[in-house]
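What the coordinates show
In case you want the letters, here they are:
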Amino acid sequence: MSDPITPGSIVGVLGGGQLGRMFAIAARRMGYGVHVFSPDTDTPTGHVADLEIKADYDDLDAVAAFAKGVSVVSFEFENVPAATAQAAARHAPLRPEGHVLHTTQNRVREKNFLRSAGLPVAPFAAVRHAGEVRAALREIGTPAVLKTASWGYDGKGQIVIANESEAASAWDALGTDEAVVEAFIDFDCELSVVAARGVDGEVVCYAPSVNTHRNHILDLSVSPAPVPAETAADAVEIARTVLEKLGVVGVMCIEFFLTRNGRLMINELAPRPHNSGHLTIDAHVTCQFEQQLRAICGLPLGSVRPHGPAAMANLLGDLWLEGEMNWRRVAAMDDVKIHLYGKREARRGRKMGHLTVLADTAEAAATRVLEARAALH
Ligand code: AMP
């Protein structure tokens with residue numbers, strides 16, 4: 001095994017958002033330097049990095065120069081183009097590797113990988129035109145969800161189809177040349193497992209959290225999820241298998257549907273720390289961002305032991321647009337942790353920060369974090 005990349009070294013991150021920021025904070029806490037590559041300046045990551053390089057992802061000379069200046073490159077933005085990933089990987093290890101990005105950047109490839117690995121996914125079919133959508137609906141049934149193969153996130157690029165007569169209009173509305181038709185899952189809840197895998201193949205998984213979404217954007221995560229121990233253990237085992245079979249070195253989040261009859265189905269994979277893992281910053285011995293650092297640097301992974309039940313509520317730009325924020329009132333709630341990403345402009349649906357609360361029970365943590373968010377106005 002290669003020597004670990006030790007504190008004092010410089011780590012590189014592609015993408016300048018809040019995930020990169022929290023990664024950079026973890027890295028700097030452990031004595032690493034951080035360089036960030038982003039098409040923007042004044043980014044959430046740039047604010048806390050040693051060096052912010054502004055260039056487009058397709059400026060491969062800039063990518064190469066960036067990679068030459070660091071010991072390892074990771075990313076917080078999973079739509080890094082393949083050529084960018086290759087250019088970086090020529091000069092520094094890219095972790096997770098390009099093949100992980102390649103698989104997870106496209107729903108068809110991702111679902112085919114999961115199915116061929118024998119892992120549970122909702123029934124789906126890849127489609128390239130309206131006729132194939134109709135054929136898929138006949139096979140899978142309705143309602144169903146039509147999702148673009150690429151560039152979908154937070155519910156963007158997906159349309160629910162109630163019956164076959166909507167096939168053509170849904171296809172036209174999506175405006176893509178590759179998509180999947182997926183069975184609509186009447187789920188009981190959505191769960192996620194954040195996991196990390198080291199250079200030596202060691203895997204650690206946080207206990208599943210339960211996630212609720214609003215307008216397709218994560219709203220609330222609560223850990224541990226109130227599911228039977230057997231379901232939690234199955235989710236963790238599936239997550240471990242995904243990281244092993246995909247050969248991930250780094251952090252990955254596996255999002256699940258838990259169906260009403262207790263079956264787990266993977267919804268999607270994120271090859272990086274995930275919004276549902278933000279509560280690990282306050283609630284676990286090692287947070288997901290430190291795990292990312294440890295994993296990509298070839299260090300042993302940290303403990304995933306929780307300090308206690310916890311809940312995280314997102315703060316979207318909508319809150320800022322709806323009135324003056326009463327930070328004093330929330331700061332006075334001494335059990336509430338405030339995380340803000342330093343974004344200068346609030347927009348609807350934009351993730352500006354989050355709140356985390358630890359409590360004696362997961363339910364109490366959830367109640368309290370929502371109370372804290374409501375106290376902002
Ligand atoms: P995604 O971008 O695929 O994660 O989808 C965003 C959200 O849409 C999910 O978190 C679900 O709440 C919902 N959703 C996506 N796919 C399905 C499905 N097949 N059945 C029911 N709800 C879905």
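Heads up: the structure comes first, above all this text.
The model shown is predicted, which means the values in this text are computed figures rather than measured ones.

Let us now look at the overall build of the protein chain. In terms of regular secondary structure, the protein chain is built from 13 helices and 17 strands. For 377 residues, the compact-globule estimate of 2.2 N^0.38 gives 21 Å, and the C-alpha radius of gyration of the protein chain, at 20 Å, lies within 12% of that figure. Overall, the C-alpha framework of the protein chain stretches about 60 × 50 × 40 Å when taken along its three principal axes. Within the protein chain, the fraction of its 377 residues that count as buried is 57%. For the protein chain, restricting intrachain contacts to residue pairs at least 6 apart in sequence, the fraction spanning at least 24 positions comes to 64%. Carbon together with sulfur atoms contributes 49% to the accessible area of the protein chain, which is approximately 15600 Å² in total. Between the centroid of the 36 positive side chains of the protein chain and the centroid of its 45 negative side chains there is a distance of 2 Å.

Okay, the nonpolar core next. Generally speaking, nonpolar side chains in soluble globular proteins are found buried as a group. Counting 54 residues, the largest nonpolar core has Leu191, Val242, Met252, Ile254, Phe256, Ile266 and Leu269 as its most contacted members. When residues in this core are grouped by element, the largest group, eight residues, is from helix H8 (residues 229-246). Those residues in contact with Ile254, other than ones at most four positions away along the chain, are Leu191, Ser192, Val193, Ala239, Val242, Leu243, Ile266, Glu268 and Leu269. Core analysis: the next-biggest nonpolar cluster, separate from the first, contains 22 residues, Ile5, Val13, Tyr32 and Leu299 among them.

Among the residues of helix H6 (residues 130-140), those classed as buried are Ala130, Val133, Ala136, Leu137 and Ile140. Along the axis of H6, the buried residues cluster in a sector spanning 110 degrees; they form a single face. Of the residues in H6, the exposed ones pointing more than 90 degrees away from the buried face are Arg138 and Glu139. Elements that come into contact with the buried residues of H6 comprise strand E5 (124-127), strand E6 (144-148), strand E7 (158-161), helix H7 (167-174) and strand E8 (179-183). The first or second residue beyond H6 is Gly141, which carries a positive phi of 95 degrees.

A sheet is described by the order of its strands in space; here four strands give the open sequence E5-E8-E6-E7, paired in antiparallel fashion. A strand with exactly one partner marks an edge of an open sheet, and here the two such strands are E5 and E7. Sheet twist, expressed as the mean angle between neighbouring strand axes with direction ignored, is 20 degrees. Two strands pair when backbone bridges link them, and E6 and E7 are joined in this way by four bridges, in the antiparallel orientation. Residue Ala144 lies in a different strand from E7, and its bridge partner there is Ile161. Running at roughly 50 degrees to E8, helix H5 (residues 107-116) makes contact with E5, E6, E7 and E8 of the sheet. Contacting E5, E6, E7 and E8, H6 runs over the sheet at an angle of about 170 degrees to E5.

As a further point, take the environment of Asp50. Tracing the backbone shows Asp50 in the loop between strand E2 (33-38) and strand E3 (51-54). Residues Asp50 and Leu137, spaced 87 residues apart in sequence, show a C-alpha to C-alpha distance of 51 Å. When sequence neighbours within four positions are dropped, the list of residues in contact with Asp50 reads Arg28, Gly33, Val34 and His35. Reaching out from Asp50, the side chain makes a polar contact with the backbone nitrogen of Val34 at a distance of 2.7 Å.

Before going further, it helps to spend a moment on the packing of aromatic side chains. For the structure on display, the rule yields five aromatic pairs. The interplanar angle of 55 degrees and the centroid separation of 5.8 Å between the aromatic rings of Trp320 and Trp327 together place this pair among those described as tilted. The class of Trp320 is partly exposed, set by a relative accessible area of 25%. A network of ring pairs unites the aromatic residues Phe37, Tyr57, Phe66 and Phe77 as a single cluster. Lying over the aromatic face of Phe124, Lys111 brings its terminal NZ or CZ to 5.8 Å of the ring centre.

Each value, and the rule that gives it
- Residues numbered from 1 in each chain as written.
- Predicted model: local features only at pLDDT ≥ 70, side-chain atom pairs only at ≥ 80, totals over all residues.
- Heavy atoms only, no water.
- Helix = DSSP H or I, 4+ residues; strand = E, 2+ residues; numbered from the N terminus.
- Rg over C-alpha atoms; globule rule 2.2 N^0.38 Å.
- Buried < 20%, exposed > 50% of the residue type's maximum accessible area, 1.4 Å probe, protein only.
- Contact = heavy atoms within 4.5 Å.
- Areas by Shrake-Rupley, 256 points an atom, 1.4 Å probe, with all protein chains shown as cover.
- Lys, Arg positive; Asp, Glu negative; His and termini not counted.
- Charge placed at Lys NZ, Arg CZ, Asp CG, Glu CD.
- Core = buried A, V, L, I, M, F, W, Y, C linked by side-chain atoms within 4.5 Å.
- Arc of directions from axis to C-beta.
- Pairing = 2+ DSSP bridges.
- Axes fitted to C-alpha atoms, helices over the stretch in contact; angles between N-to-C directions.
- Polar contact = N/O pair within 3.5 Å; in protein donor to acceptor, adjacent residues only side chain to side chain.
- Phe/Tyr/Trp six-rings, centres within 6.5 Å; stacked < 30°, edge-to-face > 60°.
- Lys NZ or Arg CZ within 6 Å of the ring centre and 35° of its normal.

Take it as geometry only, folks, not as evidence of what the structure does.
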